[in-house]
Amino acid sequence: MSKTLKITGLVVAIGVLPLLIVGALVKQRESDRAAVESSLVSRANVQATELEAGFARGRTIALLMASNPSFFDFYSQPGSRAEKVAAQGRTIDRVHNALAYLERLYPGQIGEACFIDRNGLENARVVQGLGASPSTLSNESQNPFFRPSFAQPLGGVYQSEPYVSPDTGEWVIGTATPVAGPSGTAAAIVHFELTIESFRTAASRFSGGDEVAIVDADTGAVVVNTRREQRIGAKLGDPSDRRFVGLSGSRGLVERGGSLLAYRLVGGTTTNRWLVVAVAPRPGSLAIVPIAAVLLALLGLALLMGRRWTRKSEEAETDPLTGLGNRRKLATDLSRLLPATNTSNPLTLCVYDLNGFKNYNDSFGHPAGDVLLTRFGSRLAAAALEGSAYRLGGDEFCVLIAGDAGELDPVLAATREALSDRGEGWTIDCAHGTVLLPADARDVEGALRLADQRLYEAKQSGRRSPSRQSTDVLLQALRERDPDLGSHLHDVGGLTAAVGARIGLVTEELDALRLAGELHDIGKVAIPDAILSKPGPLDPDEWNLIRQHTLIGERILAAAPALSYVAKLVRSSHERHDGTGYPEAKSAEEIPLGSRIVAVCDAFDAMIGPRPYRLGMSEEVAIAELRRCAGTQFDPEVVEVFCALRAEERTESVLQRSTSR
C-alpha cells in the first residue's frame, strides 16, 4: 500500500472515530437510564409490598388481640363496668398485660393501646408499657376512629387516617376491631396506635439510602419522606413538597422537579389511599469531549492491536471459571436470535441468583467457592438440554432456551435444582426471574432489564414475604403463650410440606400448605388456658368452645390478604373423611387436599408428643393408629403417603447410624 493511501486511511479513521464514540456514549447513557428506571420500579414495588404487609400485619394483630380471653372475661366477671375499672383488680391487670404485649410485637412503634367500651368510655389504656390510672381514663366517643371501628362486624378491622395522638403528641394511625361480650355482640373495641415515624423508619430500611416518599394518592401530599424525620409537634410529612401532586393511575414512571419517579398504589387499606414513590436524581449531562478524548486514544490503540483482539474475541465471550458463555455472549446470542422469534417460535430467558453462596464463601474460602461455582456451571449446562447456559458474573447464572416457559416447566425446574446444594451447616438455592420473548420484550436491553427486575423482586419477596411475616408474628405470639404449642405447629408445618412434595404439589401450593400446617391451631389463642391445659377429658361445653377455634383461626388469617388461601385450609383442617368433623361436616373430596394433609400430620405429631394428661406414644403405635383410622377420620391415600415417608426416613436413619459406627 502506498504512503498516500495509508495517510488517507488514517485521516478517515480520525474523522469517523469521534462520531462512533459519541454514538456509543449516547447509547450508554440510554442504557444507564434504563437501568435506573428498572431499579426505581423495583424499589417502588418492594416498598409498596412491604407497606401492604405492614397494614396486613396490623389487622392480623388486632384480631389476635381481640381474641385474647382477658377482654371477654372483663365483661363475664361479676360487677359493673365502672366497679371493675375502679377496683383495678386481677381482671384489669390481665387486660393491661394483654395491651402491653403489643409493645413486644411492635417494639418502639406503639403510641398507645386501649380497651374502650361501646359507650365510649375507656376500660383500660397502656402508654409505653404502663397502665393508666382510672382517673386519667377518658371518653373516646368523639374521636375519629371510634364510630368507624364499631361499624365493623366482629372479625372486621378499621385502620384510620393519620391523626395526632392525644397521649403522646405523635402522628399515628389507629387500628381497631370489635370485641365480643357474653351476649355474642360487640361490647367494646381493642385499639392501638402505630406511629408515622415507624412507617418512615421501615421505609428507610428498604430504600438503599435513596429517597422514598409515601404520598396521599388523592392530594399528592407527602405523608412520609425517608429523609425527613417525623418530629413531635411538626406537621404531617412535608407539606411544602408539591412534586407528587397529580400522579395518576395505580403505577407509573415520570419525571418531576428534576428527578425521575417510579410510583405504585398501595392496596393494603381502603382508608389510606397511598402511593409509594421511589425518587432518583436526573442523570447528569453527557461529558463528551473529555471522555471522547480518552476513548479515542484507547480505540487508536485497539486498532493497532486489532489482530490480537481478533484472536481473543472468543475468549472475551467465555467465563474463564466455568467455561460457560458470559454476559457479552448472552447479549450476542440474543441479538442474533431475537429477530427470528415470534409467538409460535418463542424464547425463554431465565436469570438466577444464588442464595447462601456468600455465607459458603465466607465459611470455606474462595477456592472452595470457585469449585462449587464450576460444578454448578456444569450442572446448569446439562439441565438446559438444547438451550444455552451462561455465567453473568459473581453468583449470577442464566439460561436461554427455545420454547414457552409454560412448556419448559420441567426443564426450568431442573435448572433451579442444578443451582441448589446443601451440606453440613450450609444450604444454597436460587432466586430466578423469567422473561418470555418476544411477548415480554423485543430488544436485548429490554429483555435483560426485565429479567433483572423480576429477579430482584423475587430476591426481595423471598427474604420475608408478606405471608411469612404475618405467619412469624402469629407463631411468636403462640410461643409466648404456650411454647409447647408453638413447637408442635412448627413440626406439623415441616411434615405437611414433606407429604405435599411427595404427592406432587407445585411450589406455591407447598408454601401455602406449610403455612397451613404451622397455623392450623392459631384460633386456640382465643381458648382459655384452663381448657387447653386441662388434665383430663373436656365436658360438652368445653368441646363446643374448642370446635370454634378453626373458625376463629380463619378470621385471624383472613385479615392478611397474603394468607387468605391458608385461612381456607385452616378452616377445614379438623374435618373428617367420613363427614363427622367440624365446622361443616364435610367429607372425602369436599375437604381441600391441603386440609386433609394437615389433619394427618397434626394427629401424628399430637400422638407422639406428650400432653398434660398422658405421655407421648411411640412412632410405631402412632402409625398403626393412623392406619386404623384411614377411611374414617383420615384420607386413606394421604395416610399411605405419610406412612411410606416415615418408613423411608426410619430406614435412612438406621443406615446413617450404621455408617457412623
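Residues numbered from 1 in each chain as written. Predicted model: local features only at pLDDT ≥ 70, side-chain atom pairs only at ≥ 80, totals over all residues. Heavy atoms only, no water.

Aromatic ring pairs: the centre-centre distance and the angle between the two ring planes describe each pair. Counted according to the given criterion, the structure contains 12 aromatic pairs. Measuring from ring centre to ring centre gives 6.0 Å for Y75 and F115, while their planes differ by 80°; the resulting arrangement is edge-to-face. On the criterion of sequence distance, the pair formed by Y75 in helix 2 (residues 69-76) and F115 in strand 1 (residues 110-117) is long-range, its members being 40 residues apart. For the residue pair Y75 and F115, the accessibility class agrees, reading buried in each case. Geometrically, the ring pair formed by Y106 and F192 is tilted, given 6.0 Å between the ring centres and 35° between the ring planes. With Y106 in the loop between helix 4 (90-105) and strand 1 and F192 in strand 7 (residues 186-195), this pair connects stretches of sequence that are 86 residues apart. (Phe/Tyr/Trp six-rings, centres within 6.5 Å; stacked < 30°, edge-to-face > 60°. Helix = DSSP H or I, 4+ residues; strand = E, 2+ residues; numbered from the N terminus. Buried < 20%, exposed > 50% of the residue type's maximum accessible area, 1.4 Å probe, protein only.)

Attention now goes to the pattern of salt bridges. Overall, the coordinates contain 26 salt bridges when judged by the stated rule. A salt bridge links R228 to D238; the nearest nitrogen and oxygen atoms lie 3.7 Å apart. In this pair, R228 is assigned in the loop between strand 9 (222-225) and strand 10 (251-256) and D238 in the loop between strand 9 and strand 10, connecting sequence segments 10 residues apart. The class for R228 is partly exposed, based on a relative accessible area of 43%. Through salt bridges with shared partners, a single ionic network connects E554, R571, E584 and K586. (Salt bridge = Lys/Arg side-chain N within 4 Å of Asp/Glu carboxyl O.)

The interhelical angle for the contact between helix 20 (residues 549-558) and helix 21 (residues 564-571), taken along N-to-C directions, is 180°, at an axis separation of 8 Å. By the angle between their directions, the pair helix 20 and helix 21 is classed as roughly antiparallel. Residues T550, L551, G553, E554, L557 and A558 of helix 20 touch helix 21, and the partners they reach there are V566, A567, V570 and R571. Looking at the contact of helix 20 with helix 21 residue by residue, the class counts come to six nonpolar, two polar and two charged. (Axes fitted to C-alpha atoms, helices over the stretch in contact; angles between N-to-C directions. Parallel < 35°, antiparallel > 145°, perpendicular 65-115°, else oblique. Contact = heavy atoms within 4.5 Å. Nonpolar A, V, L, I, M, F, W, Y, C, P; charged D, E, K, R; others polar.)

This brings us to the side chain of E197. Checked against the element boundaries, E197 lands in helix 6 (residues 196-205). In contact with E197, other than residues within four places in its own chain, are E229 and Q230.

A separate point is the packing of helix 2 against helix 4. At a closest axis distance of 9 Å, the pairing of helix 2 and helix 4 adopts a crossing angle of 155°. In terms of orientation, helix 2 lies roughly antiparallel with respect to helix 4. Helix-helix and strand crossings are classified by hand; for helix 2 and helix 4 the assignment is left-handed. Contacts from P69, S70, F71, D73 and F74 in helix 2 reach T91, I92, R94, V95, A98 and L99 in helix 4. The class makeup of the residues in the contact of helix 2 with helix 4 is seven nonpolar, two polar and two charged. (Left-handed = near helix turned anticlockwise from the far one by under 90°.)

A word on the environment of A187. Looking at the element boundaries, A187 is found in strand 7. Through-space distance from the C-alpha of A187 to that of D117 is 6.3 Å; in sequence the pair is 70 residues apart.

To continue, consider the nonpolar core. In terms of nonpolar packing, the biggest core is built from 89 residues, with F115 and L626 touching the most fellow members. The greatest single-element share of this core, amounting to 10 residues, is contributed by helix 1 (residues 3-66). The contacts of F115, once residues within four sequence positions are left out, are F71, F74, Y75, V95, L99, E122, N123, A124, A188, I189 and V190. Core analysis: the second largest hydrophobic core is formed by 23 residues, C350, A384, A389 and L408 among them. (Core = buried A, V, L, I, M, F, W, Y, C linked by side-chain atoms within 4.5 Å.)

Another point: the confidence of the model for the protein. Scored by pLDDT, the protein comes out at a mean of 81, with 81% of its residues at no less than 70. When the elements of the protein are averaged for pLDDT, helix 8 (residues 306-311) gives the smallest value, 49, and strand 15 (residues 396-402) the largest, 94. Confidence drops under a pLDDT of 50 for residues 284-289, and excluding neighbours within four residues, the segment shows six contacts in the predicted structure. (pLDDT = per-residue confidence, 0-100.)

Along the polypeptide, T177 turns up in strand 6 (residues 171-180). Overall, T177 belongs to the buried group, its relative accessible area being 0%. If sequence neighbours within four positions are ignored, T177 has contacts with A62, L63, A66, G156, V157, A188, I189 and V190.

Taken together, the five strands give an open sheet; going across it, the order is 14-15-13-17-16, and neighbouring strands pair in antiparallel fashion. Taken across any chain shown, the strands that pair with only one partner, and hence form the sheet edges, are strand 14 (388-393) and strand 16 (421-423). Shown here is a sheet whose adjacent strand axes are inclined to one another by a mean of 20°, direction ignored. With three bridges connecting them, strand 16 and strand 17 (residues 426-437) associate as antiparallel partners. Looking across to strand 17, one finds that G423 is bridged to W426. Taken strand by strand, helix 12 (residues 366-383) contacts strand 13 (347-355), strand 14, strand 15, strand 16 and strand 17, and its axis lies near 10° from that of strand 15. Its contacts with the sheet place helix 13 (residues 409-418) against strand 13, strand 15 and strand 17, and it is angled at close to 25° to strand 13. (Pairing = 2+ DSSP bridges.)

Now for unusual backbone geometry. In this structure, the amide linkage connecting L437 to the following residue, P438, adopts the cis form with an omega of 10°. Here P438 lies in the loop between strand 17 and helix 14 (444-463). Each neighbour pair has its own omega, and for Y582 with P583 the value is 15°, a cis peptide bond. Note on placement: P583 falls in the loop between helix 21 and helix 22 (593-608). One non-glycine residue, L385, lies in the positive phi region at around 55°. Residue position: L385 is located in the loop between helix 12 and strand 14. For A585, which is not glycine, the phi dihedral falls at a positive 55°. For A585, the position within the fold is in the loop between helix 21 and helix 22. When its relative accessible area of 41% is taken as the criterion, A585 is described as partly exposed.

Right, let's talk about helix 20 for a bit. Summarising burial for helix 20: seven of the 10 residues are buried, a large majority. For helix 20, every residue scored as buried is listed here: H549, T550, L551, I552, G553, I556 and L557.

Below, the discussion takes up the pairing of strand 15. Most of strand 15 is tucked away, with five of its seven residues classed as buried. With seven bridges connecting them, strand 13 and strand 15 associate as antiparallel partners. Bridge assignment links L349 to a residue of strand 15, and that residue is L400. The pairing of strand 14 with strand 15 spans five bridges and is classified as antiparallel. Residue pairing for strand 15: G393 is matched across the bridge by E396. Linking strand 14 back to strand 15 in an antiparallel pair, the connection comprises two residues, with G394 at a positive phi of about 55°.

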